Amino acid sequence: MDKEKNNKKDKKSESMKPFQEDPDRDFLTTNQGVRVDHTDDSLKAGPRGPTLLEDFHFREKLTHFDHERIPERVVHARGSGAYGYFQVYEPMAEYTKAKFMQDPSAKTPVFVRFSTVVGFRGSPDTVRDVRGFATKFYTEEGNYDLVGNNIPIFFIQDAIKFPDLVHSIKPEQHNQMPQASAAHDTFWDFVATAPETTHMMMWLLSDRALPRSYRMMDGFGVNTFRLVNAQGKGRFVKFHWKPVLGVHSLVWDETQKIAGKDPDYNRRDLWESIEMGDFPEYELAIQLIEEENEFDFDFDILDPTKIWPEEEVPLKKIGKMVLNKNPDNFFAETEQVAFCPANVVPGIDFSNDPLLQGRLFSYLDTQLIRLGGPNFQEIPINRPISPVANNQREGYNRMTINKGPISYFPNTVGKGKPRPGTEQEGAYKHYTEKVEGKKIRERSEKFLDHYSQAAMFYNSMSEPEKEHIVKALHFELGKVNSKEIREKVLQSFSNVDEDMAREAAQGVGVMPQSLKKSPDLRETEARKKVSRALSQENTVKDSIRSRKIAVLCAEGFDYGSFMKIKEALMEAGAYLNVISKHQGMLKSAGGQEIEAEKNYETTASVLFDAVLVPGGQKCIQALGMQGDALHFINESYRHCKPIGAIGEGIDLILKSDIPENITLSEGEAQSDLGVVTARDTSSLDNFVGRFKDAVAQHRHWGRESKEQVPA
Ligand code: HDE
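The model shown is predicted, which means the values in this text are computed figures rather than measured ones. (Residues numbered from 1 in each chain as written. Predicted model: local features only at pLDDT ≥ 70, side-chain atom pairs only at ≥ 80, totals over all residues. Heavy atoms only, no water.)

1. What about the domain arrangement of the chain?
Per the domain assignment, the segments making up the chain are domain 1 (2-43 + 52-66), domain 2 (79-119 + 129-202 + 214-244 + 280-382), domain 3 (455-538) and domain 4 (548-705). In this structure, domain 1 and domain 2 have C-alpha centres spaced 40 Å apart. (Domains from an automatic or database assignment.)

Have a look at this one:
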């Protein structure tokens, strides 16, 4: 009898496990687990008769389908996720008691979601936008969410303005246009009237807003947080993710073309690199400010529109994150994951940054509507690995089957459990901070300097980067119908740099002479600063790992030299794709065969990092007759990508619009501008070395100041 009872109990607890699909998936069933005999015809009164209400399978299937969508995120709707782990380099006890930051041998599981901000869920990846970089650490002490962006500051200083900002940048109310773009009147109207956006706008107009890959962009916690150690000592902290591959960007013209050729460009890149074992890696770094130094800076350390320049507050690298697994199901994991900056663990605390304070409220609130009630933390992707016990009950979609009658504290019937713990028992204790003040709607004085750091950012850019910002303004403001808004924005931006504002004005019908910085502008020391760390010019450029190289090919190519180069490039971690007029097998001059994986219709130069043209007289003759091949070369050149050609391959480059002196500057690194050629195919090492260097450089901006090549 007892045994039978036990069996029953086991069955019951078995059924309490989270819902799982039958791993064998042999039989189609209803949601009640009843096997279905037919799913292509609804139950009808005769072959031509009406459908019957009693067809429970039909009704269930359609009802589920009708309810398949959930509201997309108000912002950051388009996202891509991945699993991985985080490991600290050395114990961080001096700064924080967070357990997951103590043991260098421990791997803390993480789930990361990258996103664009403005576009709807189905919008293209490569728009000019901020990128979200949200990480959920599943620690033994509970979930910790570092919900960051790839730009270290934000548009506004107080969360109360967030709805206004987002309303202005989303498609306009009357016609729901434009999609996933800041280039329209309402947004620039907001910028013109809210000068606190200026520093962020410099970043958004820069190449940072066009990441080549989620694997090649920074992440920033943006807001100022606090680290607290076991002795209760707190320090202000900012978090940074540094991609091991460096920070690299696309070119504006390229991003727009990719949006058509492959709207999933960044999502695909993340997915494929993980599938191929090229795991994205980021180092976690922190900047720390002692409490006694809080007021030592020419900016307010609580102001989210200001960076802490690395030269003044150095970065300390404390650990590494590796993303090594793709999700199994996009909706269940990437769509249903719920991040919240208020999800912290003991040892990590908040500051009074007014943007952060608002965020601490907003994320939980938004999940209630997006995920349909207060039980979203029970969705597998959101569950902590540490045990959960409290008196919360009921609500939509409750999964946990709580036992017993008690759902209150204090209680005696339940032996006083679950009870609050002490700090020593691992309970979260809020940092004790003295706060005093009058109830006012005001900002701290230093918050009001909106231009100094914007000027520092602009001053820190290389010449090509500055040019990109001006061109971005030509595009963005060029799309603004109101001349008044254009003028107002540029008037404000002349407080950053008069020359920049005037160059921008020339492109958008505003009189450059009318622009002058405000006579009240304070000539702060910060305005004159230059921070090397801000320019992508100084990023990591030492590897070609995971770079995609297109090989333009036709029948009659030189197999021997091509294979040698291919081997060397692949050994260095690059991927090569052979592209030809038609997909399928291609015969070399010597009769060996290779496969062309793509044709000109299924791919384009914009989907590659570099292009290589092998030799072979017949091959080059054929390619020279193909407009698509020449366009491929011209377009790669225009986008400043490395181009390599060996043997007769050079003749194809000579047939393109690339200036002859550049193509023929064999081996002269200064003048080849990333067009690497070698007529002699007998010794390829030199060519391979030069080509690898050119690919590692990512882009060769020197070309932009030369004659433009059509593409
Ligand atoms: Fe967010 N933000 N945000 N944000 N944010 C959301 O939460 C909000 C801000 C960030 O992949 C929403 O779940 C306010 C800064 C990321 O799921 C919402 C303010 C930073 C993601 C929300 C900010 C971020 C969000 C929408 C100003 C960089 C996507 C859906 C006070 C540090 C997370 C959701 C994911 C998402 C509110 C500003 C990063 C509405 C009120 C600054 C990466 O709650």
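2. Things to note about the nonpolar core
Residues I549, L552, L569, L612, L623, F687 and F691 are the most contacted members of the largest nonpolar core, which totals 59 residues. The greatest single-element share of this core, amounting to six residues, is contributed by helix α20 (residues 685-696). Not counting the four nearest positions on each side in its chain, L623 is found in contact with L552, C553, A554, Y600, V613, A629 and L652. Formed by 57 residues, the second largest nonpolar core is a distinct cluster that contains A192, A209, A472 and V480. (Core = buried A, V, L, I, M, F, W, Y, C linked by side-chain atoms within 4.5 Å. Buried < 20%, exposed > 50% of the residue type's maximum accessible area, 1.4 Å probe, protein only. Helix = DSSP H or I, 4+ residues; strand = E, 2+ residues; numbered from the N terminus. Contact = heavy atoms within 4.5 Å.)

3. Concerning the site of the ligand
Around the ligand, 21 residues are found, and the nearest of them are R73, R113, G148, Y363 and Q367. R73 places a side-chain nitrogen or oxygen 2.7 Å from an oxygen atom of the ligand. Side-chain polar atom of Y363 to a nitrogen atom of the ligand: 2.7 Å apart, as the coordinates give it. Cavity membership is defined here by more than half of the atoms lying within 2 Å of grid points; on that basis the ligand lies in the second largest pocket. Counting residues per element, the shell around the ligand draws most heavily on helix α9 (residues 354-370), which supplies six residues. Broken down by class, the residue content of the shell around the ligand amounts to ten nonpolar, eight polar and three charged. (Near = heavy atom within 4 Å. Polar contact = N/O pair within 3.5 Å; in protein donor to acceptor, adjacent residues only side chain to side chain. 1 Å grid on protein atoms, 1.4 Å probe; cavity = no way out; pocket = protein on both sides within 12 Å on 5 of 7 lines; lining within 4 Å. Sits in = over half its atoms within 2 Å of the grid points. Nonpolar A, V, L, I, M, F, W, Y, C, P; charged D, E, K, R; others polar.)

4. As for the sheet that holds strand β16 (residues 610-613)
Strand order in the open sheet formed by six strands is β15-β12-β11-β16-β17-β18, and the pairing between neighbours is parallel. In this open sheet, the two strands that pair with only one neighbour each are β15 (598-599) and β18 (675-678). In terms of strand pairing, strand β12 (residues 575-580) meets β15 through two bridges, oriented parallel. The partner of I579 across the bridge, within β15, is K598. Across the sheet, helix α16 (residues 627-638) is in contact with β11 (548-552), β12, β16, β17 (643-646) and β18; its angle to β11 comes to roughly 145 degrees. (Pairing = 2+ DSSP bridges. Axes fitted to C-alpha atoms, helices over the stretch in contact; angles between N-to-C directions.)

5. Some words on the coordination of the iron atom of the ligand
For a metal with four donors in a tetrahedral arrangement, the ideal angle between donors is 109.5 degrees, while six donors in an octahedron ideally sit at 90 or 180 degrees. Of the protein atoms, Y363 (OH) alone serves as a donor to the iron atom of the ligand, at 1.9 Å. Mapped onto the elements, Y363 comes out in helix α9. (Donors = N, O, S within 2.8 Å, 3.2 Å for Na, K, Ca; no water.)

6. A word on the pattern of salt bridges
As enumerated under the stated definition, the model contains 43 salt bridges in all. Of the charged contacts, one joins D125 and R78 as a salt bridge, the two residues approaching to 2.7 Å between their closest N and O atoms. Within this pair, whereas D125 is found in the loop between β2 (108-116) and β3 (131-139), its partner R78 is found in the loop between α2 (56-66) and β1 (79-88), the two being separated by 47 residues in sequence. The exposure class of D125 is buried, given its relative accessible area of 1%. Each member of the salt-bridge network shares a partner with another, and the members are R78, D125, D262, D264 and R268. (Salt bridge = Lys/Arg side-chain N within 4 Å of Asp/Glu carboxyl O.)

7. Describing helix α14 (residues 559-571)
Between the first and last C-alpha of α14 there are 18 Å, a value that for 13 residues agrees with the 18 Å anticipated at 1.5 Å per step. By the burial criterion, the buried members of α14 are S561, F562, I565 and L569. Projected down its long axis, α14 shows its buried positions confined to an angular sector of 100 degrees, all on one face. Away from its buried face by more than 90 degrees, α14 exposes K564, E567 and E571. On its buried face, α14 is in contact with β11, β12, β14 (593-596), β16, β17 and α20. Of the residues that open α14, the one with a side-chain oxygen 3.3 Å from the backbone nitrogen of G560 is D558. After α14 finishes, the residue G573 shows a positive phi value of roughly 100 degrees. (Expected span 1.5 Å × (residues − 1). Arc of directions from axis to C-beta.)

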